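Here are the chains, one letter per residue:
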Amino acid sequence: MHRYRSHTCGALREGEIDQTVRLSGWCHRIRDHGGVLFIDLRDHYGLTQCVADPDSPAFKDAEKLRAEWVVRIDGKVRRRPAGTDNPDLPTGMVELYVSEIEVLGPAAELPLPVFGEQEYPEDIRLKYRFLDLRREKLHQNIMTRGAIVDSMRKRMKEQGFFEFQTPILTASSPEGARDFLVPSRIHPGKFYALPQ
């Protein structure tokens, strides 16, 4: 089995029931329902509900998990109990019964929660941009933008266009950043400043 995953968090379906799998991702949300822990594990591809009860060998490790910790979870895929399936989620018919948890990267208390779509002041969102970009709406915007650019590029190539990446020469920036200078071969003693 791969060191970090056998499946992505958006891949598990009813066809994988009773299989032992390995997932890695961020702890999106953790819920304690009377001693049974539900961990929504998120990666770029989706979300999977993981379950640890007191009988699980990883229950003690599951109790320590916090939001946005990066973890690897091993377990057995099982059908969700009747009435608990989630038709809005591609993985909503199954859950992962946890047998082992490895913390790959703990996280401190978050200044900006990733779960939910609460509004925050722009200065906070920009300061913690690495967290803000993990939020579902922004992640979806980035993926949509990439798909649009790919679509335009594909259609242009189909019409015979060709894309060139040419070197860029520009004036030095007055913003205070240090220039990266490239010496000129044609004009000895002169330099080009690369764009910032």
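Just so it is clear, the model here is predicted, and its values are computed rather than measured.

**Focus: the overall build of the protein chain**
In terms of helices and strands, the protein chain carries four helices and seven strands. A globule of 196 residues ought to have a C-alpha radius of gyration of about 16 Å, yet the protein chain, at 23 Å, is considerably larger. When burial is assessed residue by residue, the protein chain has 30% of its 196 residues classed as buried. Within the protein chain, contacts between residues separated by at least 24 positions form 50% of all contacts whose residues are at least 6 apart in sequence. Surface summary for the protein chain: the accessible area is close to 13400 Å², and the carbon and sulfur share equals 56%. One finds the centroid of the 29 positive side-chain charges in the protein chain at a distance of 6 Å from the centroid of its 29 negative side-chain charges.

**What about the side chain of Asp40?**
Its location among the elements puts Asp40 in strand 2 (residues 36–43). Within the structure, the side chain of Asp40 is placed 2.8 Å from the side chain of Arg31, a separation counted as a polar contact.

**Observations concerning the confidence of the model for the protein chain**
Across the protein chain, pLDDT averages 88, with 93% of residues at or above 70. In the model of the protein chain, strand 7 (residues 191–193) stands out as the element of lowest mean pLDDT, 76, in contrast to strand 4 (residues 70–79), which has the highest, 96.

**Describing a nonpolar patch on the surface**
Taken together, the side chains of Leu133, Ile142 and Met143 make up a nonpolar region of the molecular surface, amounting to roughly 220 Å² of accessible area. Counting through the fold element by element, Leu133 comes out in the loop between helix 3 (129–132) and helix 4 (136–158).

**Let's talk about the side chain of Asp74**
Relative to the elements of secondary structure, Asp74 occurs in strand 4. A polar contact of 2.9 Å, which involves the side chain of Asp74, links it to the side chain of Arg72. If we ignore the near neighbours within four places in the chain, the residues touching Asp74 are Val21, Arg22, Tyr97, Val98, Ser99 and Glu100.

**Brief notes about unusual backbone geometry**
The general pattern is negative phi for most residues beyond glycine and trans for most peptide bonds. For Asp18, which is not glycine, the phi torsion reads 75° and is therefore positive. In this fold, Asp18 is placed in the segment before strand 1 (20–33). The exposure class assigned to Asp18 is exposed, which follows from its relative accessible area of 55%. Positive phi values are uncommon outside glycine, yet Glu68 reaches one of about 70°. Within the secondary structure, Glu68 sits in the loop between helix 1 (59–64) and strand 4. Overall, Glu68 belongs to the buried group, its relative accessible area being 4%.

**A word on the packing of aromatic side chains**
Evaluated as defined, the whole model comprises two aromatic pairs. Aromatic side chains Tyr128 and Phe130 sit 6.4 Å apart centroid to centroid with 70° between the ring planes, which places their arrangement in the edge-to-face category. Of the residues examined, Tyr128 reaches a relative accessible area of 21% and is grouped as partly exposed.

Rules of the game
Residue positions are given per chain, counting from 1 as you read along its sequence in written order. Restriction of local features to residues with pLDDT of at least 70 applies here, the model being predicted, together with a cutoff of 80 or more for giving and counting side-chain atom pairs; totals for whole chains, interfaces and linings are based on all residues. Only hydrogens and water are set aside when side-chain values are computed; all heavy atoms of the structure are taken into account. Helix and strand assignments follow DSSP, with helices taken as H or I runs no shorter than four residues and strands as E runs no shorter than two, numbered in order from the N terminus. Restricting the calculation to C-alpha atoms gives the radius of gyration, and the globule rule supplies 2.2 Å times the number of residues raised to the power 0.38. Working definition: with a 1.4 Å probe on protein chains only, accessible area under 20% of the residue-type maximum means buried, over 50% means exposed, and in between means partly exposed. Contact between two residues is taken to exist if any of their heavy atoms lie within 4.5 Å; hydrogens are not considered. For accessible areas, the Shrake-Rupley method is used with a probe of radius 1.4 Å. Any residue's cover is judged against the shown protein chains and nothing else. Two residue types count as positive, namely Lys and Arg, and two as negative, namely Asp and Glu; His and chain ends fall outside the count. Charged groups are reduced to one reference atom each: NZ for lysine, CZ for arginine, CG for aspartic acid, CD for glutamic acid. Polar contacts here mean pairs of N or O atoms no more than 3.5 Å apart (in protein, one a potential hydrogen donor and the other a potential acceptor; neighbouring residues in sequence count only if both atoms are side-chain atoms). Scored from 0 to 100, pLDDT reflects the predictor's confidence in each residue. Each patch is built from residues lacking any salt bridge and having more than 30% relative accessible area; the joining distance is 9 Å for like charges and 5 Å for nonpolar side chains (Val, Leu, Ile, Met, Phe, Trp, Tyr). Each reported salt bridge corresponds to a side-chain nitrogen of Lys or Arg within 4 Å of a carboxyl oxygen of Asp or Glu. Aromatic pairs are defined between Phe, Tyr and Trp rings, using the six-membered ring for Trp, whenever the two ring centres lie within 6.5 Å; interplanar angles under 30 degrees are classed as stacked, those over 60 as edge-to-face, and all others as tilted.

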